[in-house]
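# Structural features, examined
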Amino acid sequence: MDEQQARDDIKYIREMLDRTRRSTADSGTLFIFWGFWIILALIGNYALVYTHLFRWIWVDWTFFSFSGWVVTIWHSVRRGRKERIMTFAQEAAAYISFACGIAFALAAFALPLLGAYGYDVISIVIALVSGVLLFGLGGLFKAKFMLAAGLAWWLGAVGLVLIPGDWRGLGIVPLIIIGYLVPGFIFRAKYRNGK
């Protein structure tokens, strides 16, 4: 290997690291989006409960869930077009996120509709899947704050069991802040600082 080849290899490695940093920042954007989006859905849910319009709750959750998925898919496709080549970390993060997205859909919609459990258990199952997502991505990106957020989701799932079923949706808001918004803003700050 000559000196020019070594320089080219180092340049290539730096480019791959930079792509991974950008991907992490993009992941931060989606964490921030989903954190605020789910909080808005919860506000809508409790507004409908407060006004006794229970039959419209499914519309609230269907709208926020499906529009959120559309935004996520659009964001991912747009990012994929910009980056043509994915690093291993980007590809693994995409698979983990997609798998957890399917689990979220099953946990929030399909399984309760099939009678596997009541609607009061949804937030507990969502917290468990969120723990898997955050802990898995934290291990992949070597991000201790994400590992801690994953653990917080799992502890929160246990804590949600202690909250009466009708109030578990509100009980999940601190977990969303700790487990989605904080990691999203940390990723974004690290990206802007060039770390």
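Residues numbered from 1 in each chain as written. Predicted model: local features only at pLDDT ≥ 70, side-chain atom pairs only at ≥ 80, totals over all residues. Heavy atoms only, no water.

Along the protein, the regular secondary structure elements total seven helices and zero strands. Listing each helix as α and each strand as β along the protein from the N terminus yields α-α-α-α-α-α-α. When burial is assessed residue by residue, the protein has 39% of its 195 residues classed as buried. As displayed, the protein offers around 11800 Å² of accessible surface, 71% of which is attributable to carbon and sulfur atoms. (Helix = DSSP H or I, 4+ residues; strand = E, 2+ residues; numbered from the N terminus. Buried < 20%, exposed > 50% of the residue type's maximum accessible area, 1.4 Å probe, protein only. Areas by Shrake-Rupley, 256 points an atom, 1.4 Å probe, with all protein chains shown as cover.)

Quick look at the environment of G169 now. Here G169 lies in helix α6 (residues 168-171). The spacing of G169 and L42 is 127 residues in sequence and 6.7 Å in space, taken between C-alpha atoms. Other than its neighbours up to four places away in sequence, G169 contacts L42 and Y46. (Contact = heavy atoms within 4.5 Å.)

Turning to the pattern of salt bridges, a few remarks are in order. A complete count under the given rule lists one salt bridge for this structure. Across the salt bridge formed by R168 and D120, the nearest N and O atoms sit 3.8 Å from each other. One end of the pair, R168, is in helix α6; the other, D120, is in the loop between α3 (88-113) and α4 (122-141), and 48 residues separate them in sequence. (Salt bridge = Lys/Arg side-chain N within 4 Å of Asp/Glu carboxyl O.)

Evaluated as defined, the whole model comprises 14 aromatic pairs. Between the aromatic rings of F63 and F64, the centroid separation amounts to 5.1 Å while the plane-to-plane angle is 80 degrees, which identifies the pairing as edge-to-face. We classify F63 as partly exposed; its relative accessible area is 48%. The class of F64 is buried, set by a relative accessible area of 12%. Judged by centre distance (5.2 Å) and plane angle (35 degrees), the rings of F135 and W154 are tilted. Here the residue F135 occupies a position in helix α4, and W154 occupies one in helix α5 (residues 144-161), the gap between them amounting to 19 residues. F135 gets classed as partly exposed once you look at its relative accessible area, which sits at 34%. (Phe/Tyr/Trp six-rings, centres within 6.5 Å; stacked < 30°, edge-to-face > 60°.)

Let's shift gears to a nonpolar patch on the surface. A contiguous nonpolar surface patch, about 520 Å² in accessible area, is contributed by F98, I102, L106, L111 and L114. Mapped onto the elements, L111 comes out in helix α3. A residue is classified by how much of its surface remains accessible, and L111, at 32% relative accessible area, is partly exposed. (Patch = residues over 30% accessible without salt bridge, like charges linked within 9 Å, V, L, I, M, F, W, Y side chains within 5 Å.)

Attention now goes to the side chain of T72. Considering the arrangement of structural elements, one finds T72 in helix α2 (residues 57-83). With a relative accessible area of 19%, T72 lands in the buried category. Not counting the four nearest positions on each side in its chain, T72 is found in contact with L30, F33 and W34.

A residue-level look at the protein finds 88% of positions with pLDDT of 70 or above and a mean pLDDT of 87. Looking at the elements of the protein, mean pLDDT is at its lowest for helix α1 (residues 3-50), recorded as 78, and at its highest for α5, recorded as 95. (pLDDT = per-residue confidence, 0-100.)

All right, on to α4 then. Here α4 spans 28 Å end to end across 20 residues, near enough to the 28 Å set by a 1.5 Å rise per residue. Where α4 ends, the next residue or the one after it, K142, has phi of about 55 degrees, a positive value. (Expected span 1.5 Å × (residues − 1).)

In an α-helix, one turn spans 3.6 residues; hence positions three or four apart end up facing the same way. Its 26 residues give α3 an end-to-end C-alpha distance of 37 Å, which sits within 8% of 38 Å, the value for a rise of 1.5 Å per residue. Of all the bends in α3, the greatest measures close to 40 degrees and is centred on L106. Among the residues making up α3, those that are buried are A89, Q90, A92, A93, C100, F104, A107 and P112. (Bend = angle between axes of the 7 residues up to and from the residue.)

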